[in-house]
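Descriptive structure summary
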Amino acid sequence: MDPKTSVCFVVLASSEASERSREELKEAIALLGKLSCWKIEKVTLFEDQRMSELK
């Protein structure tokens, strides 16, 4: 079996996402650890503030 390849993920989320949506995103990120060919070195979460600036 080949060794796992290391990767980093950048996640861009809306600051207007509901609490349920945020929890679902956390669950999806946690599932990344179960990948068989990839070793997740880092996950960076950015919240998009552009829409909130228009209000």
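For the structure, see preceding data.
The following paragraphs examine the structure supplied in this document. Since this is a predicted model, take the numbers as computed values, not measurements. (Residues numbered from 1 in each chain as written. Predicted model: local features only at pLDDT ≥ 70, side-chain atom pairs only at ≥ 80, totals over all residues. Heavy atoms only, no water.)

1. Describing the pattern of salt bridges
Summed over the entire model, instances satisfying the criterion amount to four salt bridges. When the shortest N-O distance is used, the salt bridge between Glu 47 and Arg 22 registers 2.4 Å. Of this pair, Glu 47 sits in strand 2 (residues 38–48) while Arg 22 sits in helix 1 (residues 19–31), and the two are 25 residues apart along the sequence. Judged by its relative accessible area of 27%, Arg 22 is partly exposed. Among the ionic pairs, Lys 39 bridges to Glu 41, the shortest N-O distance being 3.5 Å. (Salt bridge = Lys/Arg side-chain N within 4 Å of Asp/Glu carboxyl O. Helix = DSSP H or I, 4+ residues; strand = E, 2+ residues; numbered from the N terminus. Buried < 20%, exposed > 50% of the residue type's maximum accessible area, 1.4 Å probe, protein only.)

2. Quick word on the pairing of strand 1 (residues 5–14)
Summarising the sheet, strand 1 and strand 2 pair through 10 bridges and their orientation is parallel. In the strand pairing of strand 2, Cys 8 is matched with Lys 42. Running through helix 1, the crossover from strand 1 to the neighbouring parallel element strand 2 is right-handed. (Pairing = 2+ DSSP bridges. Right-handed = clockwise from strand over helix to strand, strands pointing away.)

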